[in-house]
Number of protein chains: 2
Amino acid sequence: MTLAEMTKSDLEQMLKELQAQYNGFKSKNLKLDMSRGKPAPEQLEYCKEILYCLNGNFKSENGIDVRNYGMPDGIPEAKRLFAQILEVDPANVIVGGNSSLSLMFDIIGNAYEKGVLPGMKPWSKVEQPKFLCPVPGYDRHFSVTKFFGFEMINIPMNDDGPDMDLVEELVSNDESIKGIWCVPKYSNPSGVTYSETVVKRLGSLKPAAKDFRIFCDNAYVVHHLNLENQDKLYNIYQACVEGGNEDMVYLFTSTSKITFPGSGVCAMAASPANVEYTRRLLSVKTIGYNKLNQLLHARFLKDIDGVLNVMVLHATSIRPKFAMVQQVLNRGLAGLGCANWSNPHGGYFVSFDTMEGCAKRVYNLCVEAGVTLTPAGATYPYGIDPSDCNIRISPTYPPINELEQAMELLAIVVKIVSIEKLLA
Amino acid sequence: MTLAEMTKSDLEQMLKELQAQYNGFKSKNLKLDMSRGKPAPEQLEYCKEILYCLNGNFKSENGIDVRNYGMPDGIPEAKRLFAQILEVDPANVIVGGNSSLSLMFDIIGNAYEKGVLPGMKPWSKVEQPKFLCPVPGYDRHFSVTKFFGFEMINIPMNDDGPDMDLVEELVSNDESIKGIWCVPKYSNPSGVTYSETVVKRLGSLKPAAKDFRIFCDNAYVVHHLNLENQDKLYNIYQACVEGGNEDMVYLFTSTSKITFPGSGVCAMAASPANVEYTRRLLSVKTIGYNKLNQLLHARFLKDIDGVLNVMVLHATSIRPKFAMVQQVLNRGLAGLGCANWSNPHGGYFVSFDTMEGCAKRVYNLCVEAGVTLTPAGATYPYGIDPSDCNIRISPTYPPINELEQAMELLAIVVKIVSIEKLLA
């Protein structure tokens, strides 16, 4: 029986019991921070030998000492590694610093100041440039486009990716729409992997704006939860080439959740024209990225097989936590009709939807009981979730017993807030 | 006797001999690149043990694992290290990535987009923002202000720093002047260290623009050539505080020429208000800089004494090269009245001035004979040296015997071009 089907007095009785349980939680004085998708301490150990892999050989395979200046677009072995990860040619790759977010920011900053390619109008000269934002999505993406003053337009996410009917309609008709954020694999937070159809429709867009760009953040490209149910992503660069839109996409990724968050290496891939222009503009702001770190990564990870070997270790740590989330939420909420949540095959998040208008209060009650989730609304541009229902669950960082408690609390709180809503 | 005092026939005879010497050089098929201030291969060895200094302890002194996300403004021990280098309080420091140039670019980008402090007008909204550029100066600084469309105004460098009469006059009267580039110690390329008077006048400026900023690139702050003749720099942040201009200055530095170029750590220092606002804006573009590299540096270098110990090693490599430059130039050019050059106590460059209108041809003749210098004009905004006389000599990278040959060639070429000019 769903909550909505229960009688008022049943709901009132249930609410009383739930409140008692909630108060019980409160008295435990929990202090759990589940606000960000941080790897757990044990995950930081898998690559700690990376510092010892050089054996005093600091030369890149082209014979250049990585400790000195030069090679602003990265060393060859790092380009090759990221080319394998992103399924492109090494010539299409620029290897960056420790932060793919910074690289995205800089690419947008360059387009804002100078246009996407030589001779194109800078986005700063467009009266009100707009950006499409599949929602729920990644708050830090939205912060970047907010920084540059883009009007952000929500695009609903379906089970196979963004609503492509809406995307196609908007970009074909509005020249001021300059880009779309995409996390095409194990999307943040929904866990959705874009279907081949969606990827091909993205690659075949006919944008009114010649300088429309797909910002494809492939942050979770190899971040499977297990060896069986792995999602496959159609090659987005290839889809754009096939669609006659070779210059329309930038791909990004990093080793932040392969080696170390914040001390990894990021990279981008794009068409030859984009790579050439990007290299030129990035050279204004840096003599080069940290090539010593690039060499450490290339030598330690070696190739895509080396990467996948490490990812198996990460999956071993993460998988039981994702399973625990499902188990506790199923136990506490299944069949009550007051919540839906994703059950992804990879990535770092579970996307959780309350009944309409409940997410903020759920978040607040959790905080009051000592569990900090990602703030409700954060998965939407401007922090505004129009339905106030989405909450991002980040199960990776806490120990599994704390995660279990946090999920139990969440289930209780969701029931409380839902019943309050039904009784109101 | 100077060249100008010689008879025409003496000059013609001399020119013939010089041309023979020049052709002799050409036949050697030299291939020397002295275009950038790169450390020599042996200098890259001084800190190579840095990768082994952690002994498996990845925790910052505040107990946080540097391999995970967090601490966007840097780890405490790195802040303390840079506070000692920049002679400020650790609370005034933000520790960045591997490139101080990127940090300068980002600070200007932030001011351009959002203004220097909350509520201030973005520089992008100023009709034609301007920037003061002491010349000769660092080409990459000028590229950054060119990128953002600033009009760059040349400020002559004197022996004690920029022409402060001119700086004071310009900034007091023109609200569109938003900043000045400064390399206050062992300046690039002149080697000048700003005098206490100049620093105090900088700190006491009364700019028409409330958002005027001194971009103080202290790239060579500990880069002495020897233990005796070390220049002292008055504390610029202190001078600004004393002048009632606490918010007017950003200091930058890096370990690029202490540990590794391009794989070091950079930092900035500024007032509490600037640090707070900068931290907030930088957080849009990155979750954090590479803290593992920060920890490696803090553990390896330890403190200012550790830094100075490494700098003694660098000086041992560099000092004979700077001496060689002086020796060859003195031997070939002293007393001829056709060239002046600096003899700095530190830094990475010797600034060389030909007679007016000769630098480009000197550069070209050197290239033809196999020696690439920094392009003539590069030390001026837009690559335009109005007198066409300045050439930057970067003695650090080549082996000393190659450096000797390059300087001998330079002396010959300068004499050839000067005599041609006198005979014309």
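Residues numbered from 1 in each chain as written. Chains lettered and ligands numbered in written order. Predicted model: local features only at pLDDT ≥ 70, side-chain atom pairs only at ≥ 80, totals over all residues. Heavy atoms only, no water.

### Notes on the overall build of chain A
Counting its regular elements, chain A contains 12 helices and 13 strands. Dimensions of chain A, computed from the C-alpha atoms along their principal axes, are close to 75 × 55 × 35 Å. Relative to its 424 residues, chain A shows a buried fraction of 63%. For chain A, the share of sequence-separated contacts (at least 6 apart) that also reach a separation of at least 24 residues comes to 76%. Accessible surface, chain A: about 15500 Å² in total, of which carbon and sulfur atoms supply 49%. (Helix = DSSP H or I, 4+ residues; strand = E, 2+ residues; numbered from the N terminus. Buried < 20%, exposed > 50% of the residue type's maximum accessible area, 1.4 Å probe, protein only. Contact = heavy atoms within 4.5 Å. Areas by Shrake-Rupley, 256 points an atom, 1.4 Å probe, with all protein chains shown as cover.)

### Some points on the interface of chain A and chain B
How large an interface is tends to be reported as the accessible area lost when its parts come together. Tallying the contact residues gives 54 residues for chain A and 54 residues for chain B. At the boundary of chain A with chain B, total buried surface from both sides reaches about 4400 Å², with 55% on carbon and sulfur atoms. When residues of chain A are sorted by the area they lose upon contact with chain B, R67, Y69 and F147 of chain A head the list and together hold 18% of the total. Across the contact surface, chain A and chain B share 4 salt bridges. Measuring nitrogen to oxygen at the nearest pair gives 2.7 Å for the salt bridge that ties R67 of chain A to E45 of chain B. Our enumeration of links across chain A and chain B arrives at 23 residue pairs in polar contact (both at pLDDT 80 or more). At the level of elements, helix 3 (100-114), helix 4 (139-147), helix 8 (272-285) and helix 9 (291-301) of chain A are the ones that each hand at least two residues to the side of chain A that touches chain B. The element that contributes the greatest number of residues to the side of chain A that touches chain B is helix 3 of chain A, accounting for 8 residues. Each residue belonging to the side of chain A that touches chain B can be placed in one class, and the counts come to 24 nonpolar, 17 polar and 13 charged. (Buried area = accessible area lost by both parts, 1.4 Å probe. Salt bridge = Lys/Arg side-chain N within 4 Å of Asp/Glu carboxyl O. Polar contact = N/O pair within 3.5 Å; in protein donor to acceptor, adjacent residues only side chain to side chain. Nonpolar A, V, L, I, M, F, W, Y, C, P; charged D, E, K, R; others polar.)

### Examining the packing of aromatic side chains
Applying the stated criterion across every chain yields a total of 33 aromatic pairs over all chains. Aromatic side chains F58 of chain A and F260 of chain B sit 6.5 Å apart centroid to centroid with 45 degrees between the ring planes, which places their arrangement in the tilted category. In this pair, F58 of chain A sits in the loop between strand 1 (32-34) and helix 2 (76-86) while F260 of chain B sits in the loop between strand 8 (249-254) and strand 9 (266-269), so the two residues belong to two different chains. This pair shows no difference in class: F58 of chain A is buried, exactly as F260 of chain B is. On the basis of an interplanar angle of 50 degrees and a centroid distance of 5.0 Å, the ring pair of F105 of chain A and F148 of chain A is categorised as tilted. (Phe/Tyr/Trp six-rings, centres within 6.5 Å; stacked < 30°, edge-to-face > 60°.)

### With respect to the domain arrangement of chain A
Residue and element names in this part refer to chain A. On domain assignment, one finds that chain A holds domain 1 (3-43 + 308-423) and domain 2 (56-302). Between the C-alpha centres of domain 1 and domain 2 the distance comes to 31 Å. Counting residues at the interface gives 30 residues for domain 1 and 32 residues for domain 2. The three residues of domain 1 that bury the most area against domain 2 are M311, H345 and Y382, which together make up 24% of that side's buried surface. Run the count over domain 1 and domain 2 and you get 1 salt bridge. Here D139 makes a salt bridge to R36, at a shortest N to O gap of 2.9 Å. Elements with a contribution of two residues or more to the side of domain 1 that touches domain 2: helix 10 (304-333), strand 11 (350-354) and strand 13 (390-393). In terms of residue count, the dominant contributor to the side of domain 1 that touches domain 2 is helix 10 (9 residues). In the side of domain 1 that touches domain 2, the residues fall into 17 nonpolar, 10 polar and 3 charged. (Domains from an automatic or database assignment.)

### Notes on the sheet that holds strand 10 (residues 339-341) of chain A
All names here are of chain A. Overall, antiparallel pairing links the 3 strands, which are arranged 10-11-13 in an open sheet. Taken across any chain shown, the strands that pair with only one partner, and hence form the sheet edges, are strand 10 and strand 13. Taking each pair of neighbouring strands and ignoring which way they run, the sheet shows an average axis angle of 20 degrees. Inspection of the sheet shows strand 10 paired to strand 11 by 3 bridges, in the antiparallel sense. Each residue of the ladder has a partner; that of N340, found in strand 11, is D353. (Pairing = 2+ DSSP bridges. Axes fitted to C-alpha atoms, helices over the stretch in contact; angles between N-to-C directions.)

### Focus: the layout of surface pockets
Estimated volume of the largest pocket: approximately 610 Å³. Put simply, the parts of the chain that give the lining of the largest pocket at least two residues each are helix 3 and helix 4 of chain A together with helix 8 (272-285) of chain B. The element contributing the most residues to the lining of the largest pocket is helix 4 of chain A, with 4 residues. Of the residues belonging to the lining of the largest pocket, the class tally is 11 nonpolar, 15 polar and 8 charged. (1 Å grid on protein atoms, 1.4 Å probe; cavity = no way out; pocket = protein on both sides within 12 Å on 5 of 7 lines; lining within 4 Å. Points joined across faces, edges and corners; volume = space filled by probe spheres on them.)

### Describing the nonpolar core
By size, the foremost hydrophobic cluster in this structure holds 120 residues, and its most contacted members are F212, I214 and L251 of chain A together with Y194, F212, I214 and L251 of chain B. When near neighbours in sequence (up to four residues on either side) are disregarded, L251 of chain A contacts L86, V88, C216, I236, Y237, A267, M268 and A269 of chain A. Counting 70 residues, the second-largest nonpolar core is a separate cluster that includes F150 and V284 of chain A together with I94 and F105 of chain B. (Core = buried A, V, L, I, M, F, W, Y, C linked by side-chain atoms within 4.5 Å.)

### Topic: empty space enclosed by the protein
The tally for this structure, following the rule as stated, stands at 11 cavities of 30 Å³ or more. When its volume is computed, the largest cavity comes out at roughly 390 Å³. Taken together, 31 residues line the largest cavity, and the ones lying closest to its centre are G97, N98 and Y289 of chain A together with N98 and Y289 of chain B. Taken together, the elements giving at least two residues each to the lining of the largest cavity come down to helix 3 and helix 9 of chain A together with helix 3 (100-114) and helix 9 (291-301) of chain B. Residues of the lining of the largest cavity, tallied by class, amount to 8 nonpolar, 19 polar and 4 charged. What the second largest cavity holds in volume is close to 200 Å³.

### Considerations on the environment of C266 of chain B
All names here are of chain B. Examined against the element boundaries, C266 turns out to sit in strand 9. Taking the C-alpha atoms as reference points, C266 and L101, separated by 165 residues in sequence, lie 8.8 Å from one another. Apart from the residues lying within four places of it in its own chain, the contact partners of C266 are F82, V95, G96, G97, S99, S100, L103, T253 and S254.

### What about the pairing of strand 4 (residues 151-158) of chain A?
All names here are of chain A. Bridging between strand 3 (residues 130-135) and strand 4 involves 6 bridges; their strand directions are parallel. Residue pairing in the sheet places C133 in a bridge with N154 of strand 4. Note that the unit made of strand 3, helix 4 and strand 4 has a crossover that is right-handed. Where strand 4 folds back on strand 5 (residues 161-162), the antiparallel hairpin that results is connected by 2 residues. (Right-handed = clockwise from strand over helix to strand, strands pointing away.)

### Describing helix 1 (residues 8-26) of chain A
Residues and elements named next belong to chain A. Over its 19 residues, helix 1 runs 26 Å from end to end, which matches the ideal 27 Å to within 8%, given 1.5 Å per residue. Looking at helix 1, one finds that the buried residues are L11, M14, L15, L18, Y22 and F25. For helix 1, the angular spread of the buried residues around the axis is 110 degrees, confining them to a single face. Along its buried surface, helix 1 packs onto helix 11 (359-368) and helix 12 (400-423). (Expected span 1.5 Å × (residues − 1). Arc of directions from axis to C-beta.)

### Observations regarding the pattern of salt bridges
All names here are of chain A. This structure, assessed with the given rule, holds 39 salt bridges over all chains. In this structure, E420 and R361 form a salt bridge, with 2.8 Å as the shortest nitrogen-oxygen distance. Residue E420 is located in helix 12, and its partner R361 is located in helix 11; the two are separated by 59 residues in the primary sequence. For E420, a relative accessible area of 23% gives the class partly exposed.

### Comments concerning helix 9 of chain A
Within helix 9 of chain A, 9 of the 11 residues are buried, leaving the element largely enclosed by the surrounding structure. Just beyond helix 9 of chain A, the residue with positive phi is K302 of chain A, at close to 70 degrees.

### Description of the state of the cysteines
Residues and elements named next belong to chain B. This structure, assessed with the given rule, holds 0 disulfides over all chains. With no disulfide of its own, C366 lies closest to C358 among cysteine sulfurs, the gap being 12 Å. Relative accessible area serves as the criterion here: at 1%, C366 is assigned to the buried category. (Disulfide = S-S within 2.5 Å.)

### As for unusual backbone geometry
Both trends apply: most residues other than glycine have a negative phi, and most peptide bonds are in trans. Along the chain, N188 of chain A connects to P189 of chain A via a cis peptide bond; the corresponding omega equals 5 degrees. Take P189 of chain A: it is sitting in the loop between strand 6 (177-182) and helix 6 (196-203). Backbone geometry at K302 of chain A places phi at a positive 70 degrees, although glycine is not the residue there. Tracing the backbone through its elements, the reader meets K302 of chain A in the loop between helix 9 and helix 10. For E87 of chain B, which is not a glycine, the phi torsion comes out positive at approximately 55 degrees. Looking at the secondary structure, you find E87 of chain B in the loop between helix 2 (76-86) and strand 2 (93-95).

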